[in-house]
Structure formats: structure tokens, C-alpha cells
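Each chain, letter by letter, is given below.
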Amino acid sequence: MMSESQALETLSREDPEAAGDARAALAWLTGDEGLETISLLRLQEFLWYALPVKWPMSTPGRVGVAKALGRLFLLAGLDRYAGVCSSTGTEKIINAYADGHEEGIAAYTEAIEESNAAPPDTELLAWGSVMGSQERAAYDACAAALELAFASGELSVGTRGWRTRRLDIVNRWLTGECFPGGTTPPDPPATGGMSSPQTPLTPLDGSPGTDTWLGRISAERIDAWAHGRPGERSRLARGLIPRLLEPPAVPDDPLPTLRWLLGRAGEGLRLTARHYIAPALVTEAVEEFGWRDQLVGTLRQELDVFPLHTLRGMAQTEMGAIRRRSTSLVLTKTGKLMTADPAARWHIGTAALIGPDDGPQPDFSVAVREAALMVILTSGPTGYDELTKQLTDLHGVEGWAAGGTGAGRAGVGRHGTGLHSTGLASAVRTELYALRHRLWALHLLGTERSFSAPLSLTETGVAAALSALLARALRPRHHLGLG
């Protein structure tokens, strides 16, 4: 086995041009930190994404760089890494970019998933496609731990329970609980040049503190949410941080309307031929939740009862708690968890007040709901006219414009030519009414519900809004806009 310098010297004698390519690739991969800092995941990301996207070369030239790097690894005794560089799969992925960027990205994504080198999402953490430095360090640490587990035989693809064990390894590295009694985990033995970053421990009670990867990621995400956004939104967020870090306790019976819907779906909630909730169940909900005094009409059809229709839409589309099966609504796996665990029902249900915003571009509806809750929590009950003006100004400064590019559901996008502020104000008010229906559906809206009254929250509604904003702050990032 040769050292890095010996391998480069040997390759220079064999093929000076290949040695130059390998040296440049190695510098991209490791900086000045040497072969021992390379992991399988970093190598795959370089070969399958960075090389074809960021290196201004012809496709055959990029294939040549991959093969030169593979020869260097082979000389250094890193056979597994050499095999990735020289594989037909790597050449096919690089060639896929010649057919178009989207084709290349699709090939890269599929190959990464099939290789099992990337840490999967777990119940503790969903990874973002846009990461801060702490999240990226944790991602690399978990990838290194998984690589070691596969190399040592602890994990083997296809064996019984291997996916569950893989999740357990990631969770242990995120919380540090697999290293009791010390401050950092030991470095794993080298497996083809792999090494692992140091991971601080969690407190011994298992709760994630800031000296675990999970705690560090949480702190980093909250900081980005509070400080990484423009103007007024950032000011509002910073003011709410102390309340988010000490949120109210989960209510004894969280979100009773949602509990009712999930309970009925657990029995198979009957639908009409047009797939609406059956009239008898609509009547039951109207009577149980006092909607008879808040609405007009016979209230026997789902579409006549705005809060019920909104509740069903949130539970089915955004929470993923129920789904339609033939002529009934039934529980999903998530719905069964929410039925059995009131805390899960609370956290998943309140997060849906704002919504996921998990696409490649910011979503206008989500942006308005987030900002509206921040204003109400900061200023108290706020009239629709005042709230519309304040949020129109806020979103105008951020670059949103009615009819712009990158559209959200309200026909509003960012950095477009767009319409004048009247169009943006109308879109903002539409989203405020949608937020009002969400709050009403979850029994969180203040007692005065007319559109002329200020938008207000019950005491439980305040707790729910804080929970929703905390979920927003801790969410995985998939775009750079608006924190």
C-alpha cells in the first residue's frame, strides 16, 4: 500500500496527464487533509454531481478524471473507492448529464439511494437538501458510521431487519447515546480511507442537548430561521425565540376536532357517492363542536361546514393522517400514530397550520401563514385590514409580487414584474381567510369569528401557534429563500 505522495509519484511516471487530473480531483475532495478524510458518500457526491456539474470540461474529460482518480486509489490500496471511480455505473451517470441536467440529477439521485451510503431520514430528523455547517458535519459523521457498519459486516443489504438497524445507527450518532461515559466517540478504524468526525454526547437522560449532533442541528436551524430572513420577518422571529424555546405543555386533549375525525376514520368513516363525508357524520360533528351556532343553513353536507371540510383537507393532504379507500376514509400509519399518541397528534396537527413548504422554491401561502401567526403572537388580536396592510408591506419588501415568477398557490411569486400592491394585498387577504379556516377547524380561533372582528387565538391557539412556528424553524431546508 502506497502513501498518497508515493501513489501520485508512481502515477506521474505512468501517465503525467492522468496524475494531474487525479491531483486536481483529490484537492477538490480533501483540500490538504489527505486520503484519510475521504468517505464513500463524499466520493460519490464528487463523481456523480460535482465533477459533471461544476468542472468545465467535456464529458470524456470528466470520465478521464474519474478513471485517473480510480487509478490513484488503486495504487494507494483503496480498492473499494477505486472500483467506484472506474465502474460503468459512474461513467453512465457522467454521460447522463450530456443528455441534460435533469437527466443527470435523476441518475445521481437514484445511484446515491441504491448505494445506501447516504444517511436516511429517521423519526428524529429529516435531512435537508440545503444544509448548514453543523447539519452537513452530522450528515458526514452518520455516513461514515454507516460505511463502517457495512464494511465490517454489521450491516448487510437484504438481510432481515437491516433497514431498521441502519436507522438505529443514525439515531445513535445523532443523539450520542451509544457512547455513554465520555465526551466524544472513538474514531472508527479506517475502512478504505474513511474516518469519522468527533461527536459530542447527549445528556445521559437521552434528551438531545446542544452538545449532540441533533442538538446542534436544531440550534443551527432555529438560528437560520430567526436571523437568515429579510427585514420585518426576521425581527418578528427573533422576538419569539424565547417563547419557542420554552413552549407551553401539550394540552390534555389536544385538537379535539382532529381526534374526532381520526377516531371515526379508525372505524372507516363513511363517504357519499361523490366522496364527501356522509350527512349523518357531518351532523354529528356540527353538534359536537358547536358549529350549529356559528354557521347558517341545514349543515348536512360537508361543503356547508367550512371548518369540517378544512379539517378533512388538512388531515388528508398535509398531515397524511387519513386516505380514501373506496367509499370510506381510513387511517394511514401516521394517522394511527396520531390516534394512539396525543403528543404526536398535537405536533403534527399544529405544524399543518403553516404547512410544509418542502418544494424547491418558497411557497407564498406558507410565507403568509407564518408571518400572520408571528404578528398575532407579537401584537395580539389584529384586524384583517391592519394585518393585510402589514403583511402586504412585509411580503412586498421580500420580493413577492402578484403574477410574478416562482408562483405559489395564490398566483404570487418572487422577483417578478407582477401587478401593483393591490394585487398582492388581495392575495394576502385570501391567505388570511384560509388561515382563519384552519384555526377554526382545529378549535383554535378566538370566540369572535366575524370577518369584521380582529383575528385572534384562544389560549390553546396561542400554544398551537408557537408549536407551529417551532416546527417551521426546525424543518429541513430545501431552498435558500426566507430562512
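Residues numbered from 1 in each chain as written. Predicted model: local features only at pLDDT ≥ 70, side-chain atom pairs only at ≥ 80, totals over all residues. Heavy atoms only, no water.

Caption draft 1: Focus on the overall build of the protein chain. The helix and strand tally for the protein chain stands at 20 helices and 5 strands. Within the protein chain, the fraction of its 483 residues that count as buried is 49%. Nonlocal contacts in the protein chain, meaning residues at least 24 apart in sequence, comprise 62% of its contacts between residues at least 6 apart. In the structure as shown, the protein chain presents an accessible area of about 21,900 Å², 54% of it carried by carbon and sulfur atoms. (Helix = DSSP H or I, 4+ residues; strand = E, 2+ residues; numbered from the N terminus. Buried < 20%, exposed > 50% of the residue type's maximum accessible area, 1.4 Å probe, protein only. Contact = heavy atoms within 4.5 Å. Areas by Shrake-Rupley, 256 points an atom, 1.4 Å probe, with all protein chains shown as cover.)

Caption draft 2: Structural detail: the side chain of threonine 257. Along the chain, threonine 257 falls in helix α12 (residues 256-266). Residue contacts for threonine 257: discarding those within four places in its chain leaves Phe289, Trp291, Leu311, Ala441, Leu442 and His443.

Caption draft 3: Examining the layout of surface pockets more closely. As a volume, the largest pocket reaches approximately 1,400 Å³. What lines the largest pocket is a set of 40 residues, and nearest its centre among them are Glu123, His347, Ala351, Ala471 and Leu474. Every element with two or more residues in the lining of the largest pocket is listed here: α10 (213-227), α15 (333-340), α16 (342-351) and α20 (459-474). Among the elements that take part in the lining of the largest pocket, α20 stands out by supplying 7 residues, more than any other. Of the residues that constitute the lining of the largest pocket, the class distribution is 24 nonpolar, 10 polar and 6 charged. Approximately 1,200 Å³ is the volume attributed to the second largest pocket. Along the wall of the second largest pocket there are 32 residues; nearest its centre are Glu45, Tyr108, Ser129, Arg136 and Tyr139. (1 Å grid on protein atoms, 1.4 Å probe; cavity = no way out; pocket = protein on both sides within 12 Å on 5 of 7 lines; lining within 4 Å. Points joined across faces, edges and corners; volume = space filled by probe spheres on them. Nonpolar A, V, L, I, M, F, W, Y, C, P; charged D, E, K, R; others polar.)

Caption draft 4: Geometry of the sheet that holds strand β1 (residues 269-270). The antiparallel open sheet is built from 3 strands, whose spatial order is β1-β3-β2. Where the open sheet ends on each side, the last strands, each with one partner, are β1 and β2 (322-325). Both β1 and strand β3 (residues 328-331) contribute to a ladder of 2 bridges, which runs antiparallel. By the bridge assignment, leucine 269 is partnered in β3 with leucine 329. Packed on one face of the sheet, helix α14 (residues 306-318) meets β2 and β3 and runs near 95° to β2. (Pairing = 2+ DSSP bridges. Axes fitted to C-alpha atoms, helices over the stretch in contact; angles between N-to-C directions.)

Caption draft 5: Representation of the packing of aromatic side chains. By the definition in use, this model includes 11 aromatic pairs. With a centroid separation of 5.9 Å and 70° between ring planes, the pair formed by phenylalanine 73 and tyrosine 81 is classed as edge-to-face. For the pair phenylalanine 73 and tyrosine 81, a shared accessibility class is recorded, and that class is buried. Taken together, the aromatic side chains of Trp28, Phe46 and Trp55 make up a single cluster linked through ring pairs. Looking at arginine 216, its charged tip hangs above the ring of tryptophan 213, at a distance of 5.3 Å from the centre. (Phe/Tyr/Trp six-rings, centres within 6.5 Å; stacked < 30°, edge-to-face > 60°. Lys NZ or Arg CZ within 6 Å of the ring centre and 35° of its normal.)

Caption draft 6: Up close: the environment of arginine 259. Take arginine 259: it is sitting in helix α12. Along the primary structure arginine 259 and proline 342 are separated by 83 residues, whereas in three dimensions their C-alpha atoms are 8.6 Å apart. Setting aside chain neighbours within four positions, we find arginine 259 in contact with Asp253 and Arg345.

Caption draft 7: Broad picture of helix α2 (residues 16-30). Given a rise of 1.5 Å per residue, 15 residues ought to cover 21 Å, and the 21 Å separating the end C-alpha atoms of α2 matches this to within 8%. Within α2, the full set of buried residues consists of Ala18, Ala19, Ala22, Ala25, Leu26, Leu29 and Thr30. The buried residues of α2 occupy one face: seen down the axis, they fall within an arc of 130°. The exposed residues of α2 that point more than 90 degrees off its buried face are Pro16 and Glu17. Where α2 is buried, its residues contact α1 (4-14), α3 (40-54) and α4 (59-75). Positioned one or two residues after α2, glycine 31 has a phi angle of 65°, which is positive. (Expected span 1.5 Å × (residues − 1). Arc of directions from axis to C-beta.)

Caption draft 8: Region of interest: the nonpolar core. Ranked by size, the top nonpolar core spans 77 residues in total, and within it Trp225, Leu258, Trp291 and Leu391 carry the most contacts. If one sorts the elements of this core by residue count, helix α17 (residues 364-379) sits on top with 11 residues. Among the nonpolar cores identified, the runner-up in size contains 60 residues, and Ala19, Leu78, Ala118 and Leu214 belong to it. (Core = buried A, V, L, I, M, F, W, Y, C linked by side-chain atoms within 4.5 Å.)

Caption draft 9: Layout of the environment of lysine 92. The topology assignment puts lysine 92 in helix α6 (residues 88-96). Classification of lysine 92 as exposed rests on a relative accessible area of 62%. In this structure the C-alpha to C-alpha distance between lysine 92 and valine 63, which are 29 residues apart in sequence, comes to 9.4 Å.

Caption draft 10: Spotlight on unusual backbone geometry. One non-glycine residue, leucine 255, lies in positive phi territory at about 55°. For leucine 255, a relative accessible area of 2% puts it in the buried group. In this model, leucine 299 sits at a positive phi of 55°, which is unusual for a non-glycine residue. Structurally, leucine 299 is set in the loop between α13 (279-288) and α14.

Caption draft 11: Representation of α1 in the model. When α1 is considered as a whole, its buried residues turn out to be Ala7, Leu8, Thr10 and Leu11. For α1, the buried positions fall inside an angular range of 165° around the axis, keeping them on one side. Within α1, the exposed residues directed more than 90 degrees away from the buried face are Ser5 and Arg13. The inward-facing, buried residues of α1 abut α2 and α4.

Caption draft 12: Structural context of the packing of α3 against helix α5 (residues 79-86). Running from amino to carboxyl end, α3 crosses α5 at an angle of 20°, the nearest separation of the two axes being 10 Å. One way to sum up the angle between α3 and α5 is to call them roughly parallel. Along this stretch, α3 crosses α5, giving a crossing that reads as right-handed. Touching Leu40, Leu43, Gln44, Leu47 and Trp48 of α3 are Tyr81, Val84 and Cys85, all from α5. (Parallel < 35°, antiparallel > 145°, perpendicular 65-115°, else oblique. Left-handed = near helix turned anticlockwise from the far one by under 90°.)

Worth remembering: the numbers are spatial, not functional.
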